[in-house]
Structure formats: C-alpha cells, structure tokens
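# Examining the three-dimensional arrangement
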Amino acid sequence: IELDHSKLRQTYPIYDEPRLMIAGTVTSFVILMFFLHPVHHKDTAWIALIGAFVTIAFTNPHDVQDALRNHVEWDTLLFFAGLFVLVEVCAA
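Conventions and cut-offs
Residues numbered from 1 in each chain as written. Predicted model: local features only at pLDDT ≥ 70, side-chain atom pairs only at ≥ 80, totals over all residues. Heavy atoms only, no water. Helix = DSSP H or I, 4+ residues; strand = E, 2+ residues; numbered from the N terminus. pLDDT = per-residue confidence, 0-100. Expected span 1.5 Å × (residues − 1). Buried < 20%, exposed > 50% of the residue type's maximum accessible area, 1.4 Å probe, protein only. 1 Å grid on protein atoms, 1.4 Å probe; cavity = no way out; pocket = protein on both sides within 12 Å on 5 of 7 lines; lining within 4 Å. Points joined across faces, edges and corners; volume = space filled by probe spheres on them.

Turning our attention to unusual backbone geometry. A positive phi angle, close to 55°, is found at His41, a residue other than glycine. The topology assignment puts His41 in the loop between helix H3 (37–40) and helix H4 (44–59).

Below you can see the structure in the form of structure tokens.
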C-alpha cells in the first residue's frame with residue numbers, strides 16, 4: 001500500500017502538536033506500565049486512571065472542569081465500568 005503523506009497531512013492536519021506529544025508520551029508510558037505489570041504488581045485500572053488524569057492535567061490545565069464536563073463520554077465510560085464489574089463478578 002502506497003501512502004501519499006502530503007495528502008494525508010493536508011486532509012488530517014495536526015492542530016495542536018504539543019498536546020499530541022504529551023498525550024502520546026503518557027500513552028506510551030501507560031502501555032509500558034501495562035507490560036511491566038509482573039514487576040510492579042499494580043492494578044492496570046489504576047495505571048490507566050493515572051494516565052488519563054495526567055493527560056487531562058497537562059494538556060488542558062486551565063480548563064479541566066470544562067474538559068471533564070464536555071469532552072468526556074461519561075455514558076460510554078460508565079457502560080465499560082459496569083461491564084468490567086459484571087465480568088469480574090462472573091469470574092469470581
């Protein structure tokens with residue numbers, strides 16, 4: 001498959017490169033911590049939550065409440081939280 005990078009950059013521009021770098025760095029760190037679970041024995045849910053809060057805090061420090069109210073799909077998050085609880089109860 002051949003990609004036209006200039007067309008991709010024109011079609012899907014990056015509007016805020018510093019935020020992208022911060023979010024990418026935090027995501028890479030979270031994935032690394034997931035793979036290092038046998039070493040530190042921390043629950044992956046806590047690692048994911050810490051990564052999410054760090055991303056929100058550093059990418060939008062002046063408007064965290066607006067980000068939590070308007071830019072988070074709470075219905076989807078609650079659905080997955082309930083799904084995880086259901087799976088854990090069924091596994092026990």
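Next up on the list: the confidence of the model for the protein. Averaged over all residues, the pLDDT of the protein is 89; the fraction at 70 or higher stands at 95%. When the elements of the protein are averaged for pLDDT, helix H5 (residues 64–70) gives the smallest value, 73, and H3 the largest, 95.

This next bit is on helix H6 (residues 74–91). For H6, with 18 residues, the first-to-last C-alpha span of 25 Å sits near the 26 Å given by 1.5 Å per residue. For H6, the tally of buried residues reaches only 0 of 18 residues, placing the bulk of the element at the surface.

To continue, consider the layout of surface pockets. Here the largest pocket is characterised by a volume of approximately 580 Å³. Considering the residues around the largest pocket, the lining is formed by 16 residues, among which Ala45, Ala48, Leu49, Ala52 and Leu77 are closest to the centre. Listing elements by their share of the lining of the largest pocket, those giving two or more residues are H4 and H6. The element that contributes the greatest number of residues to the lining of the largest pocket is H4, accounting for 7 residues.

Further remarks concern the environment of His37. If you trace the backbone, His37 turns up in helix H3. The exposure class of His37 is partly exposed, given its relative accessible area of 32%. Considering only alpha carbons, one finds His37 and Arg19, 18 residues apart in sequence, at a separation of 27 Å.

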